[in-house]
Amino acid sequence: MSRCFGDGDPLYAAYHDDEWGAPVTDERGLFERVSLEAFQSGLSWLTILRKRDAFRTAFAGFEPDAVARFGARDVKRLLADAAIVRNRAKIEATIANARATVDLRDAGTPLDELVWAHRPEPRPAAASFADIPAQVPEAVALAKALKRVGFRFVGPTTIYAGMQACGLVNDHLATCPVRERVAGLQAAVER
């Protein structure tokens, strides 16, 4: 049995084994994953993973309240930071998404509640990644809900990747040695 991805790269393997598919249920953790998935758009996830510590430093640990206070000076600072992906639209989207996260919480529907309300029904384990969809109806619905409250860079494919990363679905392949452990973690969230 081999893992779904990550063989040959210790950082990628650790991400696969310890994080991908494990439930993320807190606001900060979900905001970070949504932000990093947006930065990944058009790039390799491994590129983002290698820059993740720099992203965390640059974006105040992805604390939504802190990032929501970022202004023009912060955008300029981030555009000059070679340790992260310097894309103005993605940087500004992350700040807008932090503000939307705070607004959601203030309105009584925190990000974690909104995201987990769109959890798809479990489906049988796939034999290969060719059998895994790029998006599902729940990801389309969540992307629309997030856009309605001011989120950017949250298309259905990006949101589905976030659902996979945050444990809303278990897309570890049937032969993956981590699949059973992730299923147990996800079942614990349901209780």
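The structure under discussion appears in the preceding block.
Here the structure is a predicted model, which is why all the values come from computation and not from measurement.

Engineer: Which residues make up the overall build of the protein chain, and what values do they have?
Structural biologist: Secondary structure summary: the protein chain contains ten helices and zero strands in total. The C-alpha radius of gyration computed for the protein chain amounts to 16 Å, which stays within 12% of the reference 16 Å derived for 191 residues, consistent with globular compactness. On the principal axes, the C-alpha backbone points of the protein chain span a range of 50 × 40 × 25 Å. For the protein chain, buried positions account for 48% of its 191 residues. Excluding contacts between residues fewer than 6 apart, the proportion of contacts in the protein chain whose partners are at least 24 apart in sequence is 66%. Counting every atom, the protein chain has about 9,100 Å² of accessible surface; 53% of that belongs to carbon and sulfur. When the 25 positive and 25 negative side-chain charges of the protein chain are each reduced to one mean point, those points stand 7 Å apart.

Engineer: Outline unusual backbone geometry, listing residues and values.
Structural biologist: Here the phi dihedral of Ala60 falls at roughly 50°; this positive angle occurs in a residue that is not glycine. Notably, Phe62 is not glycine yet its phi reads approximately 60°, a positive angle. If you trace the backbone, Phe62 turns up in the loop between α3 (45-58) and α4 (64-68).

Engineer: Got a sec to walk through the nonpolar core? Specific residues and values, please.
Structural biologist: If you look at the biggest cluster of nonpolar residues, it comprises 56 residues, and the most contacted ones within it are Phe55, Phe59, Leu111, Leu146 and Ile159. Going through the elements one at a time, α2 (27-40), α3, α4, α5 (72-79), α6 (88-106), α7 (111-116), α8 (137-148) and α9 (156-165) are the ones with two or more residues in this core. Excluding its chain neighbours within four sequence positions, the residues that come into contact with Leu146 are Leu111, Leu114, Phe151, Val154 and Ile159.

Calculation criteria
- Residues numbered from 1 in each chain as written.
- Predicted model: local features only at pLDDT ≥ 70, side-chain atom pairs only at ≥ 80, totals over all residues.
- Heavy atoms only, no water.
- Helix = DSSP H or I, 4+ residues; strand = E, 2+ residues; numbered from the N terminus.
- Rg over C-alpha atoms; globule rule 2.2 N^0.38 Å.
- Buried < 20%, exposed > 50% of the residue type's maximum accessible area, 1.4 Å probe, protein only.
- Contact = heavy atoms within 4.5 Å.
- Areas by Shrake-Rupley, 256 points an atom, 1.4 Å probe, with all protein chains shown as cover.
- Lys, Arg positive; Asp, Glu negative; His and termini not counted.
- Charge placed at Lys NZ, Arg CZ, Asp CG, Glu CD.
- Core = buried A, V, L, I, M, F, W, Y, C linked by side-chain atoms within 4.5 Å.

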